[in-house]
Amino acid sequence: MSDEFDDLKHAMKAAMPAPDAAQKASHLAMAQKKFETLQGSADEARPTSDRPKTGIFRGVREMLSTLSTRGALTASTAFVALGLAVVVPDWRQAPQLFDAGYSVDEAQPVPVVRERAEADDTLGRAAPEAEMEIQEAPVIIVPEPLVQSAPVVSMQQDGAYTRAMPVPGDGALVQIEGDTEAFADADQNPLKVTADEPVSTFSIDVDTASYSFIRSALMNGQMPPVESVRIEEMINYFPYDYAEPQGDQPFETTVTVTDTPWNPDTQLLHIAIQGEKPALEDRPPLNLVFLIDTSGSMEAANKLPLLKQSLALMLPQLTEEDEIAIVTYAGSAGQVLEATSATDTDAILGALDNLSAGGSTNGEDGLRQAYSVAEGMAEEGEVTRVLLATDGDFNVGFFDPKRLEQFISDKRESGTYLSVLGFGRGNLDDEIMQTLAQNGNGQAAYIDTLSEAQKVLVDQLTGALFPIANDVKIQVEFNPGQIAEYRLIGYETRGLNRQDFNNDRVDAGDIGAGHTVTAIYEITPVGSPAVLTDDLRYGEVAASSDSDELGFFKLRYKAPGADNSRLIETPILAGGDVTDEMRFAMAIAGFGELLTDSPYLGDWSYDQAIALANASKGDDPFGYRAEAIRLMRLAESLDQ
Amino acid sequence: MRMEPTNESLARAASDGDGAAFAQLLERQYDGIFSLAFRLSGSRADAEDLTQDVCTALPTKLQGFRGEARFTTWLWRVVVNAAHDRRRRAATRARHTEGWGDWEKNRRAGDSETSEAVDWLTQAMRSLPEDLRDTLALVLDDMTHEDAADVLGVSAGTISWRVSEAKKHLRALREREDQV
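Here, residues in each chain are numbered from 1, in the same order as that chain's written sequence. Key to labels: chains lettered from A, ligands numbered from 1, both in the order written. Per-residue local features of the predicted model are confined to residues with pLDDT of at least 70, and side-chain atom pairs are confined, for both listing and counting, to 80 or more; whole-chain, interface and lining totals are unaffected and use all residues. Excluding hydrogens and water, the side-chain values take into account all heavy atoms of the structure.

### Section: the overall build of chain B
The helix and strand inventory of chain B stands at eight helices and zero strands. Each helix and strand of chain B, ordered N terminal to C terminal, gives the series α-α-α-α-α-α-α-α. A 1.4 Å probe rolled over the protein chains alone gives each residue an accessible area, and that area as a share of the maximum for its type sets the label: buried under 20%, exposed over 50%, partly exposed in between. When burial is assessed residue by residue, chain B has 52% of its 180 residues classed as buried. Long-range contacts, defined as pairs at least 24 residues apart, comprise 61% of the intrachain contacts of chain B with a sequence gap of at least 6. For helices the rule is a DSSP run of H or I covering at least 4 residues; for strands it is a run of E covering at least 2, with both sets numbered from the N terminus onward. Residues are treated as being in contact if the distance between any of their heavy atoms lies within 4.5 Å.

### Here's the deal with the overall build of chain A
Secondary structure summary: chain A contains 18 helices and 18 strands in total. With 640 residues in all, chain A has 54% of them scored as buried. Sequence separation of 24 or more characterises 79% of the internal contacts of chain A that already satisfy a separation of 6 or more. Computed with a 1.4 Å probe, the accessible areas rest on the Shrake-Rupley method; for each residue, only the protein chains presented here act as cover. Looking at chain A as shown, the accessible area adds up to about 27300 Å², and 48% of this sits on carbon and sulfur atoms.

### Re the side chain of Ser228 of chain A
Positionally, Ser228 of chain A belongs in the loop between α7 (209-219) and α8 (231-235). Each polar contact in these results corresponds to two N or O atoms within 3.5 Å; when the atoms are within protein, one needs to be able to donate a hydrogen and the other to accept it, and residues that are neighboring in sequence are counted only if both atoms are side-chain atoms. Looking at Ser228 of chain A, its side chain comes within polar contact range of the main-chain oxygen of Pro225 of chain A, at 2.7 Å.

### Considerations on the nonpolar core
Across soluble globular proteins, nonpolar side chains have a tendency to be buried as a group. All names here are of chain A. Formed by 62 residues in total, the largest nonpolar core has its most connected members in Ile324 and Tyr521. Element by element, the count of residues in this core is highest for strand β13 (residues 467-478), at six residues. Of the domains in this structure, domain 2 (192-278 + 468-638) and domain 3 (283-443) are the two that each give at least three residues to this core. Note on terminology: a nonpolar core comprises buried Ala, Val, Leu, Ile, Met, Phe, Trp, Tyr and Cys residues joined through side-chain atoms within 4.5 Å. For the domains described, the bounds stem from an automatic or database domain assignment.

### Structural notes on the packing of helix α17 (residues 606-615) of chain A against helix α18 (residues 624-638) of chain A
Residues and elements named next belong to chain A. Fitted lines through C-alpha atoms serve as axes, helices being fitted only where they are in contact, and the angles separating the N-to-C directions of these axes extend from 0 to 180 degrees. For the pair α17 and α18, interaxial distance at closest approach is 10 Å and the crossing angle is 170 degrees. Here α17 is positioned roughly antiparallel relative to α18, judged by the angle of their axes. Across the interface between the two elements, Tyr606, Asp607, Ala609, Ile610, Ala613 and Asn614 from α17 touch Ile629, Met632, Arg633, Ala635 and Glu636 from α18. Orientation labels follow simple angle bins: below 35 degrees gives roughly parallel, above 145 gives roughly antiparallel, 65 to 115 gives roughly perpendicular, and whatever is left gives oblique.

### Examining the packing of helix α2 (residues 19-41) of chain B against helix α6 (residues 130-139) of chain B
Residue and element names in this part refer to chain B. Running from N to C, α2 and α6 point in directions that differ by 150 degrees, and their axes come no closer than 8 Å. One finds that α2 runs roughly antiparallel with respect to α6. The handedness of the crossing between α2 and α6 comes out as right-handed. Residues Leu36, Arg39 and Leu40 of α2 lie in contact with α6, whose contacting residues are Asp134, Ala137 and Leu138. When grouped by side-chain class, the residues that make up the contact of α2 with α6 number four nonpolar, no polar and two charged. Helix crossings are classified by the rotation of the near helix relative to the far one: an anticlockwise turn of less than a right angle makes the crossing left-handed, while a clockwise turn makes it right-handed. Three residue categories are used. Nonpolar comprises Ala, Val, Leu, Ile, Met, Phe, Trp, Tyr, Cys and Pro, charged comprises Asp, Glu, Lys and Arg, and polar comprises the others, including Gly.

### Overview of α2 of chain B
All names here are of chain B. For α2, the principal kink sits at Gln29 and spans about 45 degrees. The residue sitting at the N-terminus of α2 and contributing the capping side-chain oxygen is Asp18; that oxygen lies 3.1 Å from the backbone nitrogen of Ala20. Downstream of α2 by one or two residues, Gly42 has phi in the positive range, about 85 degrees. To get the bend at a residue, fit one axis to the 7 residues ending there and another to the 7 starting there, then take the angle between the axes.

### Some words on the sheet that holds strand β6 (residues 263-275) of chain A
All names here are of chain A. Taken together, the five strands give an open sheet; going across it, the order is β3-β14-β16-β6-β5, and neighbouring strands pair in antiparallel fashion. Strands at the two margins of the open sheet, each flanked by one partner only, are β3 (192-193) and β5 (251-260). Two strands form a pair only when DSSP identifies at least two bridges running between them. Pairing analysis gives 10 bridges linking β5 to β6, with the strands arranged antiparallel. Along β6, the bridge assignment pairs Thr260 with Asn263.

### Some remarks on the confidence of the model for chain A
Within chain A, residue pLDDT values average 73, and 69% of them lie at 70 or more. Across the chain, each position has a pLDDT score giving the predictor's confidence in that residue, from 0 to 100. The model gives residues 41-179 of chain A a pLDDT under 50, and that stretch makes 225 contacts with residues more than four places away or in other chains.

### Focus on helix α16 (residues 580-595) of chain A
Residue pairs spaced three or four apart in an α-helix point in one direction, given the helix's 3.6 residues per turn. Helices are assigned an expected span. That span is 1.5 Å times one less than the residue count. End to end, α16 of chain A covers 22 Å across 16 residues, agreeing with the expected 22 Å (1.5 Å per residue, within 8%). Among the 16 residues of α16 of chain A, 14 are classified as buried, and the element is accordingly described as predominantly covered.

### Overview of unusual backbone geometry
Residue and element names in this part refer to chain A. Phi is positive for Tyr491, close to 60 degrees, though the residue is something other than glycine. Within the secondary structure, Tyr491 sits in the loop between β14 (483-489) and β15 (509-512). Even without being a glycine, Asp597 presents a positive backbone phi close to 55 degrees.

### Some remarks on the pairing of strand β4 (residues 199-203) of chain A
Residues and elements named next belong to chain A. Burial runs high along β4: five of the five residues are buried. Side chains Val199, Thr201 and Ser203 of β4 all project onto a buried face; the interleaved residues Ser200 and Phe202 project onto the opposite face, where all are buried too. Inspection of the sheet shows β4 paired to β13 by five bridges, in the antiparallel sense. In the sheet register, Val199 faces β13, and the bridge partner there is Glu477.

### Details of the pattern of salt bridges
Any Lys or Arg side-chain nitrogen located within 4 Å of an Asp or Glu carboxyl oxygen qualifies as a salt bridge. Tallied over the full model, the rule gives 19 salt bridges over all chains. Here Asp131 of chain B and Arg162 of chain B are joined by a salt bridge, their closest N and O atoms 3.9 Å apart. Within this pair, whereas Asp131 of chain B is found in helix α6, its partner Arg162 of chain B is found in helix α8 (residues 156-179), the two being separated by 31 residues in sequence. Members of the salt-bridge network, linked through shared partners, are Arg215, Asp448, Glu452 and Glu627 of chain A.

### Concerning the packing of aromatic side chains
Any two rings among Phe, Tyr and Trp, with Trp reduced to its six-membered ring, count as a pair given centres within 6.5 Å; such a pair is stacked if its planes are under 30 degrees apart, edge-to-face if over 60, and tilted if neither. As enumerated under the stated definition, the model contains 17 aromatic pairs over all chains in all. Considering the side-chain rings of Phe35 of chain A and Phe22 of chain B, the 4.5 Å spacing of their centres and the 10 degrees angle between planes classify their relative orientation as stacked. Taken as a pair, Phe35 of chain A in helix α2 (residues 21-40) and Phe22 of chain B in helix α2 lie in two separate chains rather than in one. Pair check on accessibility: Phe35 of chain A and Phe22 of chain B agree, each one buried. When the ring of Phe251 of chain A is compared with that of Tyr557 of chain A, the centres are 4.8 Å apart and the planes differ by 70 degrees; the resulting orientation is edge-to-face. Remark: Tyr557 of chain A occurs in strand β17 (residues 551-558) and Phe251 of chain A occurs in strand β5; sequence separation between them is 306 residues. Classification of Phe251 of chain A as buried rests on a relative accessible area of 0%. These aromatic residues form a ring-pair network of at least three members: Phe202, Phe478, Tyr486, Tyr491 and Tyr521 of chain A. Seen from the ring of Phe584 of chain A, Arg625 of chain A lies directly overhead, with NZ or CZ sitting 4.5 Å from the centre. Put simply, a charge is over a ring when the Lys NZ or the Arg CZ is close to the ring centre, within 6 Å, and near the line of the ring normal, within 35 degrees.

### Considering the environment of Ala589 of chain A
All names here are of chain A. Tracing the chain through its elements places Ala589 in helix α16. Separated by 70 residues in sequence, Ala589 and Ala519 have C-alpha atoms that sit 9.5 Å apart. Dropping the residues within four chain positions of it, Ala589 is found in contact with Ile231, Ile235, Trp262, Ile489 and Ile520.

### Things to note about the pairing of strand β12 (residues 444-447) of chain A
Residue and element names in this part refer to chain A. Here β12 shows a buried face lined by Ala444 and Tyr446 and a second buried face lined by Ala445 and Ile447. Two elements, strand β11 (residues 416-423) and β12, share four bridges in a ladder whose sense is parallel. Residue Val420 lies in a different strand from β12, and its bridge partner there is Ala444.

### Here we look at the confidence of the model for chain B
Residues and elements named next belong to chain B. Averaged over every residue, the pLDDT of chain B is 77; the share at 70 or more is 81%. The lowest-confidence element of chain B is helix α5 (residues 112-127), averaging 64 in pLDDT; the highest-confidence one is α2, averaging 89. Here residues 94-113 is a poorly scored stretch, pLDDT under 50, and it has 35 contacts once near neighbours within four places are set aside; other chains count. Across the predicted assembly, pTM comes out at 0.51 and ipTM at 0.81.

### Observations regarding the environment of Asp46 of chain B
All names here are of chain B. Positionally, Asp46 belongs in helix α3 (residues 44-62). Given the relative accessible area of 22%, Asp46 is considered partly exposed. Taking the C-alpha atoms as reference points, Asp46 and Ala83, separated by 37 residues in sequence, lie 9.4 Å from one another.

Next comes the structure, spelled out in structure tokens:
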């Protein structure tokens, strides 16, 4: 039987008339005339039969509730709405609030008001309520650039307005530019009833961009937008010291069941994957092609200059065998450094110093050229990777993003990988970055400070650049006799279909040398008071099994370059040794849930998350965990 | 390889008053506007009127384009809103013709198989509630559920639900037909 939907599609295609050429010409001329006229005259509002909605609060509330994600995001960075929160964490800085010399422009229309006007209203007229808001209420735009290390929002008595003041921070690099950040917006993984859906399948994820983004938002005194929070990327930001692989397996998996910190009646299933750490001296030579975005938007101090510093940090990690080439893109793409041995630091740093930002972005040309340079460098037994450094405004021009994805995944098949380093804020198109890195078997990292560059490009260089296993997929089958409900924490953008697990053609995440990957399920045992769903009165009784296994864990991976996957499987049993490493991962999971206002936490709050993280911090040689605890504290005070 | 300027940069230039950019942008998008207008309205005449509405409104509307969304997302939103506007006006003037019912006669008359499919299409689209019809107008052109969600200002889940509802409707319709 044919699919009605496809039939409809074909019928629609067949029925579609071509636009009449004369009509088209007349429409275009009409529009052009209107356009020219408009340049000379003010924007006239046409009368409308729609009743104007009145009331500033109502208007603003509606505006916020109807905005698209991107719009709302811009709204939250470009102006502070009328909820009057006063947060002044450091009173010594308070006097600065009122004499920093920022003018308050009361007449300036708020950009989002326009957004509503165009999104919701009918043709050709400005939304009346928007006009009224501007006149009635002084809504103040935060002046930019906003550089601050402490969150400062103040209110003046005479008017309903808030303003954020810049406080120069210690080497703070982050700037907010009211601009176009976009995130892959996936709903939180819902609770699943084991009897209905016993199998959960997902791809691993070693990206860390979300954590860096959250950090820079919190450092700026703003709660990160919920859609920017990807809990698995927060958890996997941290290196963990899990049990190391034995024998010739590239990685070791440890599955542990323990109590849930935020709910006494559920348990957490903690899955740890530890990649082997190959001896550095044995590593294959690297061919790195840096594809650097030098478009005008990269000029900011936290973009191109930070990138140059970051690469300078990385060079000492490389050897004579390694080769580096640099391709830039902006307007037209060009190769600025031929393949050069990584020890020739003068040539490389000299080429970097000559880079300057300017022009618009032409990403696809750049990518093509970078790949062709990379292919020229590749030799048997070497690892070749393109590192795309961009602020994310990866403009694919006329081309279909799907084609770009296809292009990158074709190149992946041919052995050249792609990693994405995100810089700056404001333009960051997180979704594109993720898509590119996922299709290129690479990692997407977001570099906002030099210390983050140190982490990504120096401390974890091996993991970022040497894949040890490709297409790593995890499938967990829960035993309905033991587990009533489960939910996977995070990995919303990484879900796979059940049948994809055994399909080697379906792409999934990769593990680099020394990487750790953590996944956590919250599971509710049968009979627990925490079970949220009732049994069906008329439903089938689930086939019960006598097994005391909680579930069955399966993992598939491919050796680098291999076409066929290998399978690892193990039953999941209650218990296991819970280490501080696991507890810290759980604290971060809880932190992520708090940031997303998860309904599953009950009374559990930042205090408990901080206590748990503190108690399980361990050695923390690089200070990453201490930083996370500071961020939790910051979030706690911002979230009041 | 030389790249064309993007929609977004043209739109920004146009909103800054660049007439050539506006002309290039509209020329590039015109067919897309027309074809969405057709999918939304179901007749050539309505699609032409709707396209004209959009074309003449764009110069004003563009001044408000801030680049928060992809230009096409923004544009399709304008077209969908214009279609709603038109339906509303038609309804108030009590001259409401059932959009997808007001079908051009004799078009493609020579191709009986196609016109049979067209009839089924008309019938099918008519059978759907307005919100499902709008959703299909977008996704039938291979737009992803996410993008359609952006345009209509609802969640991607809602789009997927609507598409499955529409499929149910279509299946039911087909079954009724098969019984006849």
